[in-house]
Amino acid sequence: MVGIYVHIPFCKSRCAYCDFYSTTREVEKEAYVRALCREMETRRGEANGETVGTIYIGGGTPSVLSASQLERIECGIREHYDVEEDVEFTVEMNPDDSVHVLADIGVNRVSLGIQTFDDGLLALIRRRHNAARAVAAVKELQDTGISNISIDLIYGLPGQTLQTWEYDLDVAFGLHVQHLSAYALSYEDGTPLTRWRQQGYVQEVPEEVQVQMYERLCERARAEGFEHYEISNFARPGFHSRHNSIYWMGGPYMGFGPGAHSYDGCFLRRANHQDLTGYLEAMNHHNVKDQKWFTEETLSVIEQFNEAVMCGLRTCSGVDVEHIGERFGQVRQADLIRMAAPHLEAGRLVLQDGHLRLTSHALMTSDDVMSDLMMLGN
Ligand code: SF4
């Protein structure tokens, strides 16, 4: 089974914290949809006869496309790939956009970028919507019969307190959604938010407060019956993101559009250039296969090992130590256990049923543990 990701690099405006590849040049949407279908056609052989189990249209903001543009993308996928009947089909939406774009294209999961229910913070980070609109968007989706809704939240926003975060969680869990992704704010290079911090207009929330916010999130999610199945992801039973799980389990996926990544599930990684103009030119070219619009990288064994360990530790299933031995040999398996030993002793890791997992209080500081388990070299 393979997952398909389609990148929509358009946003109506840019949020202050975001460094994702997207543009506000919306005029090229029609040409872009045509180009996406060309890329799908060009790469049809890469699925190697595997069926498509998940489709994820993300961005950017897919909901800035019209219903007919989204439908053409869906048709392009179905025309060139063998889509499973019970495919998980997710579209990311901005709460400010109309749910009508989803009409009749088989979407069965929606991911809403809400970020916070605090109007002051939403304005600060330059989101288009306000809290009332976010709540209304969830209700509209529920009324249209979407029974698998995920919402995104951010904690550690400048000025956010434990109390305002608790309020965000109250509203979020009150909406009866099936899935929640919550990420600590990251100050990315080149974003307005990072500039404001450097200029002293905004202050970073102290790390100990961010840890408390994360702990509160985990407690609240557990009490609400959500499974904490990945460091930043929580779901009601049966509603784990199948698409994102492909990434975390090291499965194969194909990404279409500028900036999208692909992986063959073994060692070959591909990244489409983050260049909309170059992408459109390449897809318009009569000999598209000879155009240079992506780079490929063959992962070394050590890179594959590091990736398997890092992705495994992010999930509640952990790293399957026996599988590591089968895939990378007994020596590397023993190395892993040796490198894990100090963290096992300190209670940051546990080894249960042959799986190495982060303990709940080590999840927030997982980067330190992960870097200790990485192998050096190529
Ligand atoms: S809508 Fe999403 S992709 Fe676009 S700028 Fe905002 S956070 Fe970034």
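Residues numbered from 1 in each chain as written. Predicted model: local features only at pLDDT ≥ 70, side-chain atom pairs only at ≥ 80, totals over all residues.

Peer 1: Help me understand the environment of Arg-220 in this model?
Peer 2: Topologically, Arg-220 is positioned in helix α7 (residues 207-223). Expressed as a C-alpha distance, the spacing of Arg-220 and Glu-166, which sit 54 residues apart in the sequence, is 9.1 Å. (Helix = DSSP H or I, 4+ residues; strand = E, 2+ residues; numbered from the N terminus.)

Peer 1: It is not clear to me how helix α2 (residues 67-80) should be interpreted in this structure. Could you clarify?
Peer 2: Each full turn of the α-helix corresponds to 3.6 residues, which orients residues three or four apart in the same direction. Spanning 14 residues, α2 covers 20 Å between terminal C-alpha atoms, matching the ideal 20 Å at 1.5 Å per step. Among all positions in α2, only Leu-70, Ile-73, Glu-74, Gly-76 and Ile-77 are buried. The buried residues of α2 occupy one face: seen down the axis, they fall within an arc of 150 degrees. Away from the buried face of α2 by more than 90 degrees, exposed residues Ser-68 and Glu-79 are located. The inward-facing, buried residues of α2 contact β1 (2-8), α1 (29-42), β2 (52-59) and β3 (83-93). (Expected span 1.5 Å × (residues − 1). Buried ≥ 20, exposed ≤ 12 C-beta atoms within 10 Å, placed from the backbone. Arc of directions from axis to C-beta. Contact = placed C-beta atoms within 7 Å.)

Peer 1: Explanation requested: the nonpolar core in the structure shown.
Peer 2: Soluble, globular proteins show a tendency: their nonpolar side chains are buried together. In this structure, Ile-4 and Leu-180 are the most contacted members of the largest nonpolar core, which totals 75 residues. Apart from residues lying up to four places away in sequence, Leu-180 is in contact with Ser-150, Ile-151, Leu-153, Ala-172, Ala-221, Phe-226 and Phe-234. Ranked by size, the runner-up nonpolar core spans 13 residues in total, among them Ile-324, Leu-336, Ala-340 and Leu-349. (Core = buried A, V, L, I, M, F, W, Y, C linked by C-beta atoms within 7 Å.)

Peer 1: Any chance you could explain the environment of Glu-204 here in plain terms?
Peer 2: Its place among the elements puts Glu-204 in the loop between α6 (192-198) and α7. Overall, the presence of 13 C-beta atoms within 10 Å leaves Glu-204 in the partly exposed class. Distance from Glu-204 to Tyr-187, taken between C-alpha atoms, is 8.9 Å for residues 17 residues apart in sequence.

Peer 1: What should I look at first to understand the packing of helix α5 (residues 162-174) against α7 in this one?
Peer 2: Axes are the key here: two packed helices are described by the angle between their axes and the distance separating the axes. Where α5 contacts α7, the two axes come as close as 10 Å, and the packing angle between them is 25 degrees. Taken together, the axes of α5 and α7 lie roughly parallel to each other. In this structure, α5 meets α7 at a crossing whose hand is right-handed. Contacts between α5 and α7 pair Leu-162, Trp-165, Glu-166, Leu-169 and Phe-173 from the former with Val-209, Gln-212, Met-213, Arg-216, Leu-217 and Arg-220 from the latter. (Axes fitted to C-alpha atoms, helices over the stretch in contact; angles between N-to-C directions. Parallel < 35°, antiparallel > 145°, perpendicular 65-115°, else oblique. Left-handed = near helix turned anticlockwise from the far one by under 90°.)

Peer 1: I would appreciate a short explanation of the pairing of strand β12 (residues 294-298) in the present structure.
Peer 2: On a regular strand, each side chain points to the face opposite its neighbour's, so the side chains alternate between the two faces of the sheet. Across the 5 residues of β12, 0 count as buried, placing the element largely on the outside. Bridge count between strand β11 (residues 268-272) and β12: 5 bridges; the pairing is antiparallel. By the bridge assignment, Ala-271 is partnered in β12 with Thr-295. (Pairing = 2+ DSSP bridges.)

Peer 1: In this structure, what is going on with unusual backbone geometry? I would like to understand it.
Peer 2: Most peptide bonds take the trans configuration, and most residues that are not glycine carry a negative phi. Look at the link from Gly-59 to Gly-60: it is a cis peptide, with omega at 20 degrees. By the element assignment, Gly-60 lies in the loop between β2 and α2. At Asn-48, a position not held by glycine, the phi torsion is positive, near 55 degrees. Relative to the assigned elements, Asn-48 resides in the loop between α1 and β2. Residue classification places Asn-48 among the exposed positions, given that 9 C-beta atoms sit within 10 Å. Within the chain, Gln-115 stands out as a residue other than glycine whose phi angle is a positive 75 degrees. By the secondary structure assignment, Gln-115 is in strand β4 (residues 109-115).

Peer 1: Any chance you could explain α7 here in plain terms?
Peer 2: Helix length check: α7 (17 residues) gives 24 Å between terminal C-alpha atoms against 24 Å at 1.5 Å per residue, within 8%. On its buried side, α7 packs onto β5 (149-155), α5, β6 (179-184), β7 (227-230) and β8 (233-235). Just beyond α7, the residue with positive phi is Gly-225, at close to 90 degrees.

Peer 1: I would appreciate a short explanation of the sheet that holds strand β14 (residues 349-352) in the present structure.
Peer 2: What holds strands together in a sheet is hydrogen bonding between their backbones, with the strands either parallel or antiparallel. The strand order across the open sheet formed by 3 strands is β13-β15-β14, and the pairing between neighbours is antiparallel. Looking at the sheet topology across the chains shown, the edges are occupied by β13 (319-320) and β14. Bridge analysis of β14 against strand β15 (residues 355-358) gives 4 bridges, and the strand direction is antiparallel. Paired with Leu-351 across the two strands is Leu-356, which belongs to β15.

Peer 1: I would appreciate a short explanation of the pairing of β11 in the present structure.
Peer 2: One ladder, built from 3 bridges, connects strand β10 (residues 261-263) with β11; its direction is antiparallel. Bridging from a neighbouring strand, Tyr-263 pairs with Arg-269 of β11.

Peer 1: What's the story with the domain arrangement of the chain in this structure? I'm lost.
Peer 2: In many reports, interface size means the accessible area that the parts give up when they come together. Under the domain assignment, the chain is made up of domain 1 (2-247) and domain 2 (301-373). When each unit is reduced to the centre of its C-alpha atoms, the spacing between domain 1 and domain 2 is 29 Å. Facing 7 residues of domain 1, the contacting portion of domain 2 comprises 7 residues. Among the secondary structure elements, those contributing two or more residues to the side of domain 1 that touches domain 2 are α7 and β7. Residue classes in the side of domain 1 that touches domain 2 are distributed as 5 nonpolar, 1 polar and 1 charged. (Domains from an automatic or database assignment. Nonpolar A, V, L, I, M, F, W, Y, C, P; charged D, E, K, R; others polar.)

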